[in-house]
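Fold and geometry: a report
Next come the chains, spelled out residue by residue.
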Amino acid sequence: QVQLVESGGGLVQAGGSLGLSCAGSGLTFSNYAMAWFRQAPGKEREFVATIMGSGGSTIYVDSVKGRFTISRDNAKNTVNLQMNNLKPEDTAVYYCAARPRWIVVRYGTPSEYSYWGQGTQVTVSS
């Protein structure tokens, strides 16, 4: 049974930092590209960042470039999202997700992902 479990969400003031972590089990972690999505109330789920199976390539949505960093540790089956200089518009539930590593182009499409975590709330106050 595949499980992705996020941790690290919370409440932070604007300009602050938070680190999210996602631990995977029941899957060959390096065979999957990993991503973070987020969903704010009343909005669609939004792609945030992805990292390829080897950890060599990363892609970010424009709104977080230069502020967020995605990383992974295949030995520990974890993927992380370091979020700096947080803004109120970053407030959302953050989800980690896994897609087969051969899916390269449609990385921003939620339906391409095989597994999802339960989500962790991030709230940024102004």
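Source: prediction; values computed, not measured. (Residues numbered from 1 in each chain as written. Predicted model: local features only at pLDDT ≥ 70, side-chain atom pairs only at ≥ 80, totals over all residues. Heavy atoms only, no water.)

**Digging into the overall build of the protein**
Secondary structure summary: the protein contains zero helices and 11 strands in total. Traced from its N-terminal end to its C-terminal end, the protein shows the element sequence β-β-β-β-β-β-β-β-β-β-β. Over its C-alpha atoms the protein spans a radius of gyration of 13 Å, differing by no more than 12% from the 14 Å that the globule rule assigns to 126 residues. Seen along its three principal axes, the alpha-carbon backbone of the protein occupies a region of about 40 × 25 × 25 Å. Considering the protein as a whole, with its 126 residues, one finds that 43% of them fall into the buried category. Put simply, of all contacts in the protein between residues at least 6 apart along the chain, 58% involve residues at least 24 apart. Total accessible area on the protein is roughly 6,200 Å²; 48% of this is exposed by carbon and sulfur atoms. Mean positive and mean negative side-chain charge positions of the protein (11 and 8 charges, respectively) differ by 4 Å. (Helix = DSSP H or I, 4+ residues; strand = E, 2+ residues; numbered from the N terminus. Rg over C-alpha atoms; globule rule 2.2 N^0.38 Å. Buried < 20%, exposed > 50% of the residue type's maximum accessible area, 1.4 Å probe, protein only. Contact = heavy atoms within 4.5 Å. Areas by Shrake-Rupley, 256 points an atom, 1.4 Å probe, with all protein chains shown as cover. Lys, Arg positive; Asp, Glu negative; His and termini not counted. Charge placed at Lys NZ, Arg CZ, Asp CG, Glu CD.)

**Some details on unusual backbone geometry**
Of all residues except glycine, most have a negative phi; of all peptide bonds, most are trans. Notably, Asn77 is not glycine yet its phi reads approximately 55 degrees, a positive angle. The topology assignment puts Asn77 in the loop between strand S7 (68–73) and strand S8 (78–83). Backbone geometry places Asn85, a non-glycine residue, at a positive phi of 50 degrees. Checked against the element boundaries, Asn85 lands in the loop between S8 and strand S9 (92–100). The exposure class assigned to Asn85 is partly exposed, which follows from its relative accessible area of 41%.

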